Amino acid sequence: MTALSATAASPARTPSGPRGGLFRAVLRLHRTALVLWSLALAAATACLIWLHTIGDEARRGTSACAIPASDGLPSCTAVDAITADETYSTGIALVTTALSYVIFPVAAWAGGALIGRELESGTAQLAWTQSVTPTRWLAAKLAVPAALLTAGTGTLVLINRWAQGDGNPNLVGDWYFEDVFLGIGPTTVGYALAGLALGTLAGLLLRRALPAAGVGFAAAFVLYNLLERHRESLWPTAGRSPTHSSELPRSAWQTSSATFHPRSHFWPLQYAETGIAVAVAAAATLAAFWLLRRRTP
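The rules behind each value
Residues numbered from 1 in each chain as written. Predicted model: local features only at pLDDT ≥ 70, side-chain atom pairs only at ≥ 80, totals over all residues. Heavy atoms only, no water. Phe/Tyr/Trp six-rings, centres within 6.5 Å; stacked < 30°, edge-to-face > 60°. Helix = DSSP H or I, 4+ residues; strand = E, 2+ residues; numbered from the N terminus. Buried < 20%, exposed > 50% of the residue type's maximum accessible area, 1.4 Å probe, protein only. Lys NZ or Arg CZ within 6 Å of the ring centre and 35° of its normal. 1 Å grid on protein atoms, 1.4 Å probe; cavity = no way out; pocket = protein on both sides within 12 Å on 5 of 7 lines; lining within 4 Å. Points joined across faces, edges and corners; volume = space filled by probe spheres on them. Salt bridge = Lys/Arg side-chain N within 4 Å of Asp/Glu carboxyl O. Axes fitted to C-alpha atoms, helices over the stretch in contact; angles between N-to-C directions. Parallel < 35°, antiparallel > 145°, perpendicular 65-115°, else oblique. Left-handed = near helix turned anticlockwise from the far one by under 90°. Nonpolar A, V, L, I, M, F, W, Y, C, P; charged D, E, K, R; others polar.

Novice: How should the packing of aromatic side chains be read in this particular structure?
Specialist: One pair of aromatic rings is described through two measures. These are the centre distance and the angle between the planes. Taken as a whole and assessed by the stated rule, the structure comprises 15 aromatic pairs. For the ring pair Tyr 101 and Phe 104, a centre distance of 6.1 Å and an interplane angle of 50 degrees mean the geometry is tilted. Consider the rings of Tyr 191 and Tyr 224, whose centres lie 5.7 Å apart with planes at 50 degrees: the pair is tilted. Within this pair, whereas Tyr 191 is found in helix α10 (residues 187-206), its partner Tyr 224 is found in helix α11 (residues 209-229), the two being separated by 33 residues in sequence. Across the pair, Tyr 224 and Tyr 191 agree in class, each one buried. Taken together, the aromatic side chains of Trp 175, Tyr 176, Phe 177, Phe 181, Trp 253, Phe 266, Trp 267 and Tyr 271 make up a single cluster linked through ring pairs. When the ring centre of Phe 266 is taken as reference, the NZ or CZ atom of Arg 263 above it lies at 5.0 Å.

Right, here's the structure in full:
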């Protein structure tokens, strides 16, 4: 009697694993950048929350005073008010400036570490042989940092606006100042995404970490300065007669002797500039996918 031994076929395994595995791999590979980004967000958030707590005291430091204190007015030599005023203004300025310049480190990192280094070292090509298509690889590379940048910068902008309270220009600067304008609106998010896309495109073009980081930074610098230079033209200005003798209020952004942007133009200008930055991000992203398809089988 012959015994037949049957061997059960084991199910085929897919080398790539679940779709979420690719995104987790991106997080693991760039965990240093993730940790630094998380620490920066935590530090900025803690700073803004603390600045909010001293906001009322800082505003009292800019109110009317007398020497010596009289008629209900505080003394102009009150050290606590002066200290709070300077501390609050400096802290808000530092955070706001950092937010307005976030495009530059993002672009350099995207070109150098996110894309250029992996193409230069062959890590990307190895991933493409493990049932991860180049398109899926690039989609994951962009989706993870884009989500983190949008959530992080968007949240910080909201906290920054909250910390600024009534937006006293003596403490936080006028709304049309370059850093202030970028640090309190959605343009910060738009610029961050543009930097990510421009850096990614530079990485795919050059396929080397250091040159890609430099080109990504340069592309972000050009975009930043072009939009800053032409910001006043992104929305129609209001006009007044050249013979009008009264001065414009401080809240008005005077662009010429007869034209200006009132405070109400803040949001139209924000949306226009954000739209351009997002359009640049979309165009650079499409170009990156097109280039990747051209260079891979």
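Novice: Is there a simple way to explain the side chain of Thr 200 in this structure?
Specialist: Looking at where Thr 200 falls in the secondary structure, it is placed in helix α10. Residue classification places Thr 200 among the buried residues on the basis of a relative accessible area of 1%.

Novice: Could you clarify how one ought to interpret the layout of surface pockets in this entry?
Specialist: Regions of empty space are outlined by a rolling probe, equal in size to a water molecule, passed over the atoms. Roughly 600 Å³ of volume is contained in the largest pocket. Together, 25 residues line the largest pocket, and Ala 33, Trp 37, Val 102, Val 106 and Leu 149 are the ones closest to its centre. When residues of the lining of the largest pocket are traced back to their parent elements, those giving at least two are α1 (19-29), α2 (31-53), α4 (79-100), α5 (103-121) and α7 (134-163). Broken down by element, the residue count for the lining of the largest pocket peaks at seven residues, all from α2.

Novice: Would you explain the pattern of salt bridges in this entry?
Specialist: Where charged atoms from two side chains of opposite charge approach closely, those side chains can pair. Taken as a whole and assessed by the stated rule, the structure comprises five salt bridges. Its salt-bridge partner being Asp 166, residue Arg 59 comes within 3.7 Å of it at the nearest N-O pair. Separated by 107 residues along the polypeptide, Arg 59 in helix α3 (residues 55-61) and Asp 166 in the loop between α7 and α8 (169-172) bring together distant segments of the chain. Note that Glu 118 is salt-bridged to Lys 141, the shortest N-O span being 2.0 Å. A residue pair is termed long-range when its members are at least 10 positions apart, and Glu 118 in helix α5 and Lys 141 in helix α7 qualify at 23 residues. Neither Glu 118 nor Lys 141 differs from the other in exposure class; each is buried.

Novice: Explain the packing of α10 against helix α12 (residues 266-295) here, please?
Specialist: When two helices pack together, their arrangement is given by the angle between the helix axes and by the axis-to-axis distance. The contact between α10 and α12 brings their axes to 8 Å, and the two run at 20 degrees. Taken together, α10 and α12 sit at an angle that is classed as roughly parallel. Considering only the axes of α10 and α12, their crossing is left-handed. In the contact of α10 with α12, the residues fall into 17 nonpolar, six polar and two charged.

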